[in-house]
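# Tertiary structure, described
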Amino acid sequence: MAGQGVEKYFFQVKQEVTSDWKDLAFFLGFDGPEISNIDYRNRDDRSRCMDMLQEWKRKYKDAATTEVLMEALSNAGLQSVVHGLKAKRIRTGIRTEPATQPETLTQPQQETMGQPLSGKPEPVSSSQPEPVSSWHHHPVSTGQTELVPSWQPPQAMVGPSRKSDVPARPEGPKKLFIVHGGEDKESLVEPLANEIVDQGVPKENVFYDMWSIEHATSIKESIAFAIQDRSCKLAVIVVSEDMMKKYWPKTEFEEFLKRGIRFFPIFYGVNLADVRTNYSPTLADTRGVEIPRTGNRVDDNTIAGTASTIRKILRSL
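Residues numbered from 1 in each chain as written. Predicted model: local features only at pLDDT ≥ 70, side-chain atom pairs only at ≥ 80, totals over all residues. Heavy atoms only, no water.

### Some words on the environment of leucine 176
Relative to the assigned elements, leucine 176 resides in strand 1 (residues 175-179). Residue leucine 176 is classed as buried on the basis of its relative accessible area of 0%. (Helix = DSSP H or I, 4+ residues; strand = E, 2+ residues; numbered from the N terminus. Buried < 20%, exposed > 50% of the residue type's maximum accessible area, 1.4 Å probe, protein only.)

Here's what the structure looks like:
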């Protein structure tokens, strides 16, 4: 019976998910080219979402279950849709277990993480990834995550701030992490990530979700590992109207603040006063670049100049 009946929830999902369908597609296992094909062949977001869900069912067959769909919705930060599906299952007499449970943090983790965002599950995994020299995460079976203390000025972070049984990861090459919303991939983020690599930064040192998270690996753990990697020296924050509404980019940005990692903001079609008032005064007051949003792909000269600035900053750290 696995997978039977999941299609009856597709209409409700596409009505509620709309513009967030790309995030859901990513957590359902679609890669960049597949998402782009679905985007191109449909005229609006609801049609794209329905097309993606039907393609997911065809692709994974009996493995495409309601539970898997709920977990992907939860991972994408779409808890309200999950609650709606659970309510519908209860009304139709189908017993369901929660798709995901918020993770129970230990006392040290609570002290370092602070309070999770209201109404959202804690995104940082409680599993300790193995030390590796690339961004790709390797599954592990036991251990706890070494979490970094809440943000302090960089000079205060020299040396261990608390005793830990977890061995320190060896310093590796200088890496950067691109924080962004899915809607900005095609017009800015994808060409910028490629240009950074073309200008000489090794691809494995640039955490960009479309190539840094492998299939069949935990997305939460991969992101948590990359953020905690001591080789990560720079966070590039692409700030847009869509990005400021997202759960995951905000969580990633807050984790970099806690680590005291240097960040470079790209203000993409946003007003700095709005960023300061509605999102983060710290981010708004940090020197970065402003790129207007025109609805088209950002021009090559702007992409190249921005990539060059990022490369120089990374080299200086």
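### So, the pattern of salt bridges
If you walk through the whole model with that rule in mind, you get 15 salt bridges. One salt bridge connects arginine 48 with aspartate 39, and the closest N-O pair in it is separated by 2.7 Å. Of the two residues, arginine 48 and aspartate 39, both sit in the buried class. The network of salt bridges with common partners includes Asp20, Asp23, Glu183 and Lys246. (Salt bridge = Lys/Arg side-chain N within 4 Å of Asp/Glu carboxyl O.)

### Observations regarding helix 11 (residues 247-259)
Its 13 residues place the ends of helix 11 19 Å apart at the C-alpha level, agreeing with the 18 Å of an ideal helix rising 1.5 Å per residue. Where burial is concerned, most of helix 11 is hidden: ten out of the 13 residues are buried. One or two positions beyond helix 11, positive phi appears at glycine 260, with a value near 75°. (Expected span 1.5 Å × (residues − 1).)

### A short note on the confidence of the model for the chain
Per-chain confidence: the chain averages 74 in pLDDT, with 69% of residues scoring 70 or above. Predicted confidence in the chain is weakest over helix 7 (residues 107-113), with a mean pLDDT of 42, and strongest over strand 5 (residues 289-291), with 94. Below pLDDT 50 for its whole length, residues 95-134 participates in 88 contacts with residues either more than four positions away or in separate chains. When the criterion is pLDDT under 50, residues 136-171 qualifies, and its contacts beyond four places in sequence or with other chains add up to 76 contacts. (pLDDT = per-residue confidence, 0-100. Contact = heavy atoms within 4.5 Å.)

### Side note on the sheet that holds strand 5
Ordered in space as 2-1-3-4-5, the five strands form an open sheet in which the pairing is parallel. The strands lining the two open edges of the sheet, one partner per strand, are strand 2 (206-207) and strand 5. Here two bridges tie strand 1 to strand 2, and the two strands are oriented parallel to one another. Paired with leucine 176 across the strands is valine 206, a residue of strand 2. Its contacts with the sheet put helix 14 (residues 300-316) on strand 1, strand 3 (232-239), strand 4 (262-268) and strand 5, and the angle it makes with strand 4 is roughly 170°. (Pairing = 2+ DSSP bridges. Axes fitted to C-alpha atoms, helices over the stretch in contact; angles between N-to-C directions.)

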